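If you want the building blocks of each chain, they are given just below.
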Amino acid sequence: MANAFFKVPTPNNEPVKSYAPGSKERAELKAQLAVYKATQTDVPMIINGKEVHTDNKVAMHPPHEKKHILGHYSKGNATHVEAAIDAALAAKEAWENTAWEHRAAIFLKAAELLAGPYRAKLNASTMLAQSKNAFQAEIDAACELIDFFRYNVQYMTQLYTEQPDSNPGMWNRLEHRPLEGFVFAITPFNFTSICANLCAAPAMMGNVVVWKPAETQIYSAKVIMDLFKDAGLPDGVINLVLADGPATGDVIFNHKEFAGLHFTGSTGVFQNLWRTIGNNISKYNAYPRIVGETGGKDYVIAHPTANANEVATALSRGAFEYQGQKCSAASRAYIPQSMWPAVKDSLQKDLASMKMGSVEDFSNFINAVISETAFDKISAYIDRAVADEGVEVVAGGTYDKSEGYFIAPTVLRVDDPKYTTMCEELFGPVLTIYVYEDDKFEETIDILDGSSPYALTGALFAVDRQVIEKAAHRLRHTAGNFYINDKPTGAVVGQQPFGGGRASGTNDKAGSILNLLRWVSPRTIKETFVPPTDYRYPFLDEA
């Protein structure tokens, strides 16, 4: 039995490796890419720590090389979801009674394994199956996930050490219990780190998890499950199911032990899940925790005092890194008339220099969008923009899916600030710009605020400090992550916890103590050392 309050290692953000020519990490990553490319991987479901294979095999392809087969995954059904729930609940008692320092040690070990022998594996799997270049994979699959593991351990200890005061003769204590039941994690394709953290954060706090990843992220999900196993996570704590969404949801959301949803994905899906949970609320043992990060229509607004080159660079990076498939990607911008010629020229030069192609060629800045469905949706928006009056195609506007799902980085300038691509989430490499008259900055802020239901990320560029102060206050509800003179992407764990409001989610800030609070149920304990033996209070005495 532990008899000490343990101090965990102080977390630091994992350094981002350069992958420069001649570097050790570049050689290791290239070698791992070659191994994965030459091997067809069979991805099973993982239920109670056991591999579960089915006869229903589904092929996995790189989005940038759709004819190549990376392997197959075993598609499950409702019976596998039920088995995963049963496995989680069977593991629950032992796991929630595992001392916190041993839970912490598992994820600290996972961080070290990922920083070392798993780094190339998880980066390479993310590059091939999700079409991320080496740098985007490094900052996501390696560095951000390592940071999630390390910082969440620190936040967990912080949470446990915060205790109430006690009056003389008593001792007040506060404990944070895991939720009663199981947590369901639904994860997206675009950030491998988010996928692992949506499972790991509840598990770290003593919960058990059923995990359904996006189909296009299953390849790297297998590596994550291998990482958890090698770190010492007990069987049944996190269970991987690979079944259709409706079939999975029908089992999950009708189960009385459903205790929480950890979700990242589309706004429409999240709202439907919330509606389903609400309709089923009488079936559950307790009110489920619902945590979700959803869509965004993220903006950059520049004041006439801003630096044009800084604005243009923020747009080039913020809009087109990972093909604009970040929840935080800049997809609309408001540029003053006096600055527009310089910004336009810089953007055109930047985009003309961006190479597009396979992730295996490290000189490619742009890779493929995730799927044919995404390709068709985004290209349809581009076709409409090309045909519409009042829209100028500043750059790009082309696409090709003969070999992979490639869409050239596209910049549109519109006359109407409420044009479709200024308001709707595209989730691809399309940036729409509205050019406003210099003396209408405040009116433009009002237009910005009313153009989208989302409030995830946003960026303000200005030099005038009074402008920054006033505009930042005016825009305070338009973004859960707000940037001053920086692009609206690239949140770092421990520095800028991520999450938005309005239709962008519950703003529970992954990578902070706020998120961990959602996965525990506090219990206050009052112990009186010498209890009273007479019910009478002094006020009852006669004078």
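Going by the structure above, here's the rest.
So, here is what we can say about the structure in this document. Quick caveat, the model's predicted, so the values are computed rather than measured. (Residues numbered from 1 in each chain as written. Predicted model: local features only at pLDDT ≥ 70, side-chain atom pairs only at ≥ 80, totals over all residues. Heavy atoms only, no water.)

## A look at unusual backbone geometry
Trans is the common state for peptide bonds, and a negative phi is the common state for residues other than glycine. Phi at glutamine 323 takes a positive value of approximately 55 degrees, unusual for a residue other than glycine. On the secondary structure map, glutamine 323 appears in the loop between helix H10 (308-320) and strand E13 (330-336). (Helix = DSSP H or I, 4+ residues; strand = E, 2+ residues; numbered from the N terminus.)

## Let's talk about the nonpolar core
Counting residues in each nonpolar core, the largest one holds 105 residues, and the members touching the most others are Phe107, Trp211, Phe228, Ile238 and Leu261. For phenylalanine 228, the contacting residues outside a window of four places in its chain are Phe107, Phe149, Ala196, Ala200, Leu233 and Ile238. (Core = buried A, V, L, I, M, F, W, Y, C linked by side-chain atoms within 4.5 Å. Buried < 20%, exposed > 50% of the residue type's maximum accessible area, 1.4 Å probe, protein only. Contact = heavy atoms within 4.5 Å.)

## Things to note about the pattern of salt bridges
Considering all chains together, one arrives at 31 salt bridges under this definition. Between glutamate 527 and arginine 173 there is a salt bridge; the shortest N-O distance is 3.1 Å. Remark: arginine 173 occurs in strand E6 (residues 170-178) and glutamate 527 occurs in strand E23 (residues 520-528); sequence separation between them is 354 residues. Look at arginine 173 and you get partly exposed, because its relative accessible area is 24%. Among the charged side chains, a salt-bridge network with shared partners connects Glu14, Glu112, Arg119, Glu138 and Arg150. (Salt bridge = Lys/Arg side-chain N within 4 Å of Asp/Glu carboxyl O.)

## Side note on helix H11 (residues 340-353)
Its 14 residues give H11 an end-to-end C-alpha distance of 20 Å, which sits within 8% of 20 Å, the value for a rise of 1.5 Å per residue. Among the residues of H11, Trp340, Val343, Ser346, Leu347 and Leu351 are the ones counted as buried. All buried residues of H11 lie within an arc of 135 degrees about the axis, which places them on one face of the element. Exposed positions of H11 whose direction lies more than 90 degrees from the buried face are Pro341, Lys349, Ala352 and Ser353. (Expected span 1.5 Å × (residues − 1). Arc of directions from axis to C-beta.)

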